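Fold and geometry: a report
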There are 2 protein chains.
Amino acid sequence: MGSGDRTLRVEIRVELKPGVMDPEAETVEKSLALLGISPVSRVTTARVYVLEFTNMERARADALAREAVDRLLANPVIHRVTVTPLLD
Amino acid sequence: MGSGDRTLRVEIRVELKPGVMDPEAETVEKSLALLGISPVSRVTTARVYVLEFTNMERARADALAREAVDRLLANPVIHRVTVTPLLD
């Protein structure tokens, strides 16, 4: 079933490449230590976007999601991206 | 094996509850339409934190992660949180 009335969802996970500064993660690390929630040896963060498509074939939805990554959601210099079709 | 020299990781996914405004998602929706990447019927976002623990039992790592959620990473009024132990 690649089409129909149902909703297709694609999850896009954008992480920073190793070696790229992650100030939000550093802030979380420091705050956890200040709160006494320790030892946490490392924190990393990621941004997730879930795109929903209706009445579309899976292949086209996946292609649109990849185009969204390339043209809007990620910068290949600093980001590592995982695109995962979600099965509902 | 609940302890040892290995690293335990816990993934914390923070989403907005249904009905809570998500301006970032709205901006992505508008930008995708402007770029001609359409039709995307809906965009949702989530923030992911991965906490790493070394030389710790799984149960304690999970408890620290949940404390981090309750005291720092999420607001129960607006956020829905999923805590997932990662198996490496």
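Provided above is the structure to which this section pertains.
Residues numbered from 1 in each chain as written. Chains lettered and ligands numbered in written order. Predicted model: local features only at pLDDT ≥ 70, side-chain atom pairs only at ≥ 80, totals over all residues. Heavy atoms only, no water.

Moving on, we get to the relation of the copies chain B and chain A. The relation between the two chain copies is a rotation about an axis coupled with a shift along that axis. The operation relating chain B to chain A is a screw motion whose rotation component is 180°, with 0.0 Å of axial translation and a residual RMSD of 0.0 Å. Such a combination of turn and shift is consistent with a two-fold rotation axis. Identified as the residue of chain B closest to the rotation axis by C-alpha distance is R47(B), at 2.5 Å. Of all interface residues in chain B, 100% are interface residues in chain A too; the two copies therefore contact each other through one and the same surface. (Least-squares fit on C-alpha atoms with pLDDT ≥ 70 in both. Contact = heavy atoms within 4.5 Å.)

Glancing now at the packing of helix α2 (residues 58–73) of chain A against helix α1 (residues 23–34) of chain B. In the contact formed by α2(A) and α1(B), the axes pass within 11 Å of each other and the chain directions differ by 100°. In terms of orientation, α2(A) lies roughly perpendicular with respect to α1(B). For the pair formed by α2(A) and α1(B), the contact residues are A68(A), L72(A) and L73(A) on the first element and V28(B), S31(B) and L32(B) on the second. Residues that form the contact of α2(A) with α1(B) fall into these classes: 5 nonpolar, 1 polar and no charged. (Axes fitted to C-alpha atoms, helices over the stretch in contact; angles between N-to-C directions. Helix = DSSP H or I, 4+ residues; strand = E, 2+ residues; numbered from the N terminus. Parallel < 35°, antiparallel > 145°, perpendicular 65-115°, else oblique. Nonpolar A, V, L, I, M, F, W, Y, C, P; charged D, E, K, R; others polar.)

Moving on to the sheet that holds strand β3 (residues 79–86) of chain B. Pairing is antiparallel in the open sheet, where 6 strands are placed in the order β3(A)-β1(A)-β2(A)-β2(B)-β1(B)-β3(B). Strands with a single pairing partner mark the edges of an open sheet, and in this sheet they are β3 (79–86) of chain A together with β3 of chain B. In this sheet, neighbouring strand axes are inclined to one another by 20° on average, regardless of whether the strands run parallel or antiparallel. Taken together, the 9 bridges between strand β1 (residues 7–16) of chain A and strand β2 (residues 42–54) of chain A define a ladder with antiparallel strand orientation. Pairing of L8(A) across the sheet is with F53(A), part of β2(A). In the packing of α2(A) onto the sheet, the strands contacted are β1, β2 and β3 of chain A, and the crossing angle to β1(A) comes to about 30°. Seen against the sheet, helix α2 (residues 58–73) of chain B touches β1 (7–16), β2 (42–54) and β3 of chain B and runs at an angle of roughly 30° to β1(B). (Pairing = 2+ DSSP bridges.)

The final tally for this structure, using the stated rule, is 14 salt bridges over all chains. Residues R47(A) and E24(B) are paired through a salt bridge, measuring 2.7 Å at the closest nitrogen-oxygen approach. Taken together, the residues R47(A) in strand β2 and E24(B) in helix α1 connect one chain to another. In this structure E24(B) comes out as partly exposed when scored by relative accessible area, which is 30%. Notably, a salt bridge pairs R58(A) with D62(A), separated by 3.8 Å at the nearest N-O pair. Of this pair, R58(A) and D62(A) both sit in helix α2, separated by 4 residues, roughly a single helical turn. Of the two residues, R58(A) and D62(A), neither departs from the other in class, the shared state being buried. Here the residues in one salt-bridge network are E11(A), R13(B), E15(B) and R80(B), joined through shared partners. (Salt bridge = Lys/Arg side-chain N within 4 Å of Asp/Glu carboxyl O. Buried < 20%, exposed > 50% of the residue type's maximum accessible area, 1.4 Å probe, protein only.)

Turning our eyes to something else, we now look at the interface of chain B and chain A. Between chain B and chain A, the contact holds 33 residues from the first and 33 residues from the second. Looking at the side of chain B facing chain A, the largest losses of area belong to I37(B), R47(B) and E52(B), adding up to 18% of the total buried there. Summed over the shared surface of chain B and chain A, the result is 6 salt bridges. In this structure, R42(B) and E52(A) form a salt bridge, with 3.2 Å as the shortest nitrogen-oxygen distance. On inspection of chain B and its partner chain A, the count reaches 20 residue pairs in polar contact (both at pLDDT 80 or more). Mapped by element, the contributors of at least two residues to the side of chain B that touches chain A are β1, α1, β2 and α2 of chain B. Among the elements that make up the side of chain B that touches chain A, the one with the highest residue count is β2(B) (13 residues). Classifying every residue of the side of chain B that touches chain A gives 18 nonpolar, 6 polar and 9 charged. Sheet topology places β2(A) next to β2(B); 11 bridges connect them, and they run antiparallel. Opposite L51(A), over in β2(B), you have V43(B) as the bridge partner. (Buried area = accessible area lost by both parts, 1.4 Å probe. Polar contact = N/O pair within 3.5 Å; in protein donor to acceptor, adjacent residues only side chain to side chain.)

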